[in-house]
Amino acid sequence: MAKIFLALFLVIFGLNLLFGLNIPIWVTGVLALVSGIMLFMEYFSVRVDRK
């Protein structure tokens, strides 16, 4: 799941750089933050179970 967010961040960031889209910086920041947190959670094997 983290790799999906990372891929989405990279695509949006790349399109924003290439074509000058008016995507707010907070959108790319949130995507980067979520993907980074999820990558750390996967690396350290943190599990979040539904109850």
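Here, the structure is the one placed above.
Here's a quick rundown of the structure. (Residues numbered from 1 in each chain as written. Predicted model: local features only at pLDDT ≥ 70, side-chain atom pairs only at ≥ 80, totals over all residues. Heavy atoms only, no water.)

**A look at the overall build of the protein**
Put simply, the rule reads: Helical segments are the DSSP runs of H or I of at least four residues, strand segments are the runs of E of at least two, and each set is numbered from the N terminus. Computation of the radius of gyration draws on C-alpha atoms, with the globule rule given as 2.2 Å multiplied by the number of residues to the power 0.38. For every residue, the accessible area obtained with a 1.4 Å probe (protein chains only) is divided by the maximum for its type, and the residue is called buried under 20%, exposed over 50%, and partly exposed between those limits. We get accessible surface area from the Shrake-Rupley algorithm with a probe of 1.4 Å; when it comes to residues, only the shown protein chains can shield them.
When helices and strands are tallied, the protein shows 2 helices and 0 strands. The globule rule puts the C-alpha radius of gyration for 51 residues at 10 Å, and the 13 Å found for the protein is more than 25% above it. C-alpha extents for the protein along the principal axes are approximately 40 × 20 × 15 Å. Burial statistics for the protein: of 51 residues in total, 12% are counted as buried. Entry remark: accessible area of the protein is about 4500 Å², with carbon and sulfur atoms responsible for 73%.

**Overview of the packing of helix α1 (residues 2–19) against helix α2 (residues 25–43)**
Each pair of packed helices can be summarised by the angle the axes make with each other and by the distance between the axes. The criterion, for reference: Note on method: axes are straight lines fitted to C-alpha atoms, helices fitted across the in-contact stretch only, with angles between N-to-C directions ranging 0 to 180 degrees. These descriptions rest on fixed angle ranges, namely under 35 degrees for roughly parallel, over 145 for roughly antiparallel, 65 to 115 for roughly perpendicular, and the rest for oblique. Here a crossing is taken to be left-handed if its near helix is turned anticlockwise relative to the far helix by less than a right angle, and right-handed if that turn runs clockwise. Residues are treated as being in contact if the distance between any of their heavy atoms lies within 4.5 Å.
Across the interface, α1 lies against α2 with an axial gap of 8 Å and an inter-helix angle of 150 degrees. As far as their axial angle goes, α2 and α1 are roughly antiparallel. Judged by the twist between their axes, the crossing of α1 over α2 is left-handed. Residues Ala2, Phe5, Leu6, Leu8, Phe9 and Ile12 of α1 form the contact with α2, whose own contacting residues are Thr28, Leu31, Ala32, Val34, Ser35, Met38, Leu39 and Glu42.

**As for the pattern of salt bridges**
Note the cut-off: Salt bridges are defined as contacts in which a side-chain nitrogen from Lys or Arg sits within 4 Å of a carboxyl oxygen from Asp or Glu.
Throughout the structure, instances matching the rule amount to 1 salt bridge. Between Arg47 and Asp49 there is a salt bridge, with the nearest N and O atoms lying 3.0 Å from each other. No difference in accessibility class separates Arg47 from Asp49, as the two residues are exposed.

**So, α2**
Note the threshold: Each helix should span, by expectation, one fewer than its residue count multiplied by 1.5 Å. Picture the helix axis, draw a direction to every C-beta atom, and the arc is the one those directions span.
Here α2 spans 27 Å end to end across 19 residues, near enough to the 27 Å set by a 1.5 Å rise per residue. All buried positions along α2 are accounted for by Thr28, Leu31 and Ser35. Projected down its long axis, α2 shows its buried positions confined to an angular sector of 60 degrees, all on one face. Across α2 from its buried face, at more than 90 degrees, point the exposed residues Ile25, Trp26, Leu33 and Phe40. Those residues of α2 that are buried lie in contact with α1. Once α2 finishes, Ser45 follows within two positions and takes phi at roughly 55 degrees, a positive value.

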